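# Examination of the molecular architecture
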Amino acid sequence: MFRRLLSIFFCDVLCIGEFCGRSRIESKMTSLNLKATDPESILSLLQDLADVPCNVVQQKLNSYLQTATGSKVVFLAPILLETEEMVIHVVGEKILERELRFPVSQSNVLNHVLHRAVKHRKSVTAHATELDQELLQHLHSVVNPVPDLFLSIPIQHPVRHHIALVVCLVNCEDRENAEYMCTKMVQECFKYCLGLLLSTLRCQEETRLKLQCQDLLAVSRKLFTHLGDLSDLLREIMAEARKLTNAERCSLFLLDPEQQDLVAKVFDGISTRDVSNIAKHQLHPKSVKEMRIARGRGIAGHVASSGKLLNIRNAYDHPLFYRGIDEVTGFKTRNILCFPIRDEKGIIGVAQLCNKMDGLYFDVCDEEVATAFSIYCGISIMHSIVYKKIQDAQARNKLSNELMMYHMKQVETESVQSFLNCRDDHSIKDFDKFHFSPRSVPYKHMPCYVLKMFGELGFINTWRIKTTTLARFILFVKKGYRDAPYHNWVHAFSVAHFAYLLMVNLNLIKNDYITSLQGLAFLVSCLCHDIDHRGTNNSFQTKCGTVLASLYSSEGSVMERHHLAQSMCILNTDGCNIFESLSSEEYSEVLDLLRNNILSTDLTSHFRMAEQQREMISAGFKKNDPTHRKLLLAMFMTCCDLSDQTKDWRVTKKTAEQIYDEFFSQGDLEKSMGTAPAEMMDRERASIPDLQVQFITNLVLPLFKNLADLFPAAQPLVDTIINNKNVWKHARHLFQEYSQNGTKSMEILLDPTLEDEVLKAFEQSGDIEQESATEMTEDAVESSSKHDYEVADED
């Protein structure tokens, strides 16, 4: 009965059409053998579409229209009004693994051939080659070869009057009025099927969004488990971004608010070597551990400046794309989806996805996912930074308590007065000569000689430093050093004394190699460069997860940053600010110098700058070049830190006793924690003469030869170092002889008869090597055991 009523209804519709002057339709449809107006056929189609998913609905509609119109292939492109996009789920009877989505906003409406039907609201015939490449690939998989022509027919929503659907007929029957008849048949078909199609599509979209939200919630849970380590969090963000969009690679840049650069410290698929090359070719070469891009430069920079997502289908055709990175890394970038990451205050970073894996490019759906994902990224990154600040605050609190317990007593006024009223004449012979050993100065008079150095260099008068303030500062610095075997107050005094020797004997200030303010900062930096050293190196601090490591390990140079922080604490202590008379510009400059100088005592930093220092000396030092002055001061700091090697061998031997006592104590600690120490830290394995020869050959000698090349007056220092190296070479034989009896290297070094035996053997041999700067290759520093020096003596 229902079929009969429906049949009558369709007949009435056709009769009305004829009555309105369309009597020709019937004859034309008959000639095409089109049966869209057959009520039985429509009813059967509607029954088939009942209670099936959207993709199956589209399959059945495609099959029906393909048969009715004689087309090779049919596909539907519903338009989602809310998101302004056209979506294709099915081509013919093939359900796509990933739907194709195209924007249909007014600004993009002519970017795609299917949009013409939407724009002009009438059927459009076009060549198949005008279709999107990815869509063509799917057509090719369904029908081969791909037909030449296709007809796109817009279907208007019956109530809202917008275009709700585009029906595409590929190579429909080529007969007279075929376009008109196919259009009419398709439009009449969707009078009855459009509502069902849109309802199932809406249901499918809601399911997709629900799954997408579930995925994002799962991702957010993962991200929030990595808040404790920003680097781990960034790696997780990149991994999840790749997974959500099925991208081949992801890059993540955070905005440096001070420099206004985009900084990447975690890399996806790029080796450290590639990053180093990129830094040399395109970016600021601050470190191979990070990559920097100026805000506003390139695709990532543009997105950071504009704050708008950028979807690039063909990277090499885009004017902002820089090919140099691909050339350096060998990676081939096809397409890019780049989007900003925000917090409540603004943009904090940029994520860049490269190469869609399961498609030719990123689509609108990927843009939606990226936009939603960026919110979670911003929240998690800011929480991670806040969490790190809380951890730092807790660590500083713990450190403050520790320091308070250690430095319970303050410097009393009586101590300052006693220091200033010292009656010793402080006139030790040859105090201002390179060969003088500062370790020979009586311990109790060392602060007095520091005051003497400040006075003789003219710093007290030039910079209007109050004597009581300077005296209190010196005593606080002295008190800040612990009783470590080597990194103690005596070492600080020795390093400061060598800075004094350089300024006096090389006329650094007089000849304008450095300014007086730089000289003041230089001397203070040497005095403070190892404050509160614990007798263990950076590697140990990091591996053990100490309070200091939790504060500074993310920035590198753990101990050096702590020494700097302690220096600042002393300067900020009442009555200790020796820079209080400086102008604001001078004060800012001297603090920058203090920071750079102290951080440069990390040997890791020295090895990074060694090549630049050699190039500077080879090309000629430029006194007015700020970069040259910074490199020169860094070289001076390292020379001062290693200046014990420029003294007589007996002095260097005593220093070696202290150094290896400290090294082996750390090695014993590492063993107690189940960690194998480096050879030079292991009292069971270390061969002290070999380590000393290696240390001098690969680090000390190249450093001081650079100094002598720039300042010929420093050549005697090189000669002394070469002599010490040769003595250590002769000491090998005695060490080997004693070690055969089971005596450890440290025990041999401490033997009171060793010095005389070694020097006697050296003098008798007459084998005094002469070594010139040309005998050392430029690769000496980098060739052997550079890693050992970084691990063992990072301070």
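Here's what I pulled together on the structure shown here.

The rules behind each value
- Residues numbered from 1 in each chain as written.
- Predicted model: local features only at pLDDT ≥ 70, side-chain atom pairs only at ≥ 80, totals over all residues.
- Heavy atoms only, no water.
- Helix = DSSP H or I, 4+ residues; strand = E, 2+ residues; numbered from the N terminus.
- Contact = heavy atoms within 4.5 Å.
- Expected span 1.5 Å × (residues − 1).
- Bend = angle between axes of the 7 residues up to and from the residue.
- Buried < 20%, exposed > 50% of the residue type's maximum accessible area, 1.4 Å probe, protein only.
- Polar contact = N/O pair within 3.5 Å; in protein donor to acceptor, adjacent residues only side chain to side chain.
- Phe/Tyr/Trp six-rings, centres within 6.5 Å; stacked < 30°, edge-to-face > 60°.
- Lys NZ or Arg CZ within 6 Å of the ring centre and 35° of its normal.
- Pairing = 2+ DSSP bridges.
- Axes fitted to C-alpha atoms, helices over the stretch in contact; angles between N-to-C directions.

## Overview of the side chain of Asn55
For Asn55, the location among the structural elements is in helix α4 (residues 54-69). Non-local contacts of Asn55, meaning those with residues more than four positions away in its chain, are made with His89, Val90, Ile95 and Gln204.

## Comments concerning helix α23 (residues 603-619)
Across its 17 residues, α23 extends 24 Å between first and last C-alpha, which sits within 8% of the 24 Å expected from 1.5 Å per residue. Met609 marks where α23 bends most, by close to 45°. Taken together, the buried positions of α23 are occupied by Leu603, Thr604, Ser605, His606, Phe607, Met609, Ala610, Gln613, Arg614, Met616 and Ile617. N-capping of α23 is provided by Asp602, with a side-chain oxygen placed 3.0 Å from the backbone N of Thr604. A positive phi of about 110° marks Gly620, the residue just after α23.

## As for the packing of aromatic side chains
Scanning all chains against the criterion turns up 16 aromatic pairs. Relative to Phe711, the ring of Phe636 lies with its centre 6.1 Å away and its plane at 40°, an arrangement referred to as tilted. Taken together, the residues Phe636 in helix α24 (residues 626-641) and Phe711 in the loop between α26 (688-710) and α27 (715-739) connect sequence positions 75 residues apart. Here Phe636 matches Phe711 in class, with each residue buried. Each residue in the set Tyr513, Phe522, Phe621, Phe636 and Phe711 is aromatic and connected to the rest through ring pairs, giving one cluster. Sitting over the face of the ring of Phe331, Arg249 holds its NZ or CZ atom 3.8 Å from the ring centroid. A cation over a ring is seen here: Lys332 above Tyr316, with NZ or CZ 3.8 Å from the ring centre.

## Remarks on the sheet that holds strand β4 (residues 124-127)
Here six strands make up an open sheet; going across it, the order is β3-β2-β1-β6-β5-β4 and the pairing antiparallel. At either end of the open sheet lies a strand with only one pairing partner, and these are β3 (94-103) and β4. The sheet shows a mean angle of 25° between the axes of neighbouring strands, direction not considered. Note that strand β2 (residues 85-91) and β3 share six bridges and pair antiparallel. Each residue of the ladder has a partner; that of Val87, found in β3, is Arg101. Where α4 meets the sheet, it contacts β1 (73-80), β2, β3 and β6 (163-170), and its direction lies at approximately 135° from that of β1. Contacts from helix α6 (residues 133-142) reach β1, β2, β3 and β6 within the one sheet, and its direction differs from that of β3 by about 155°.

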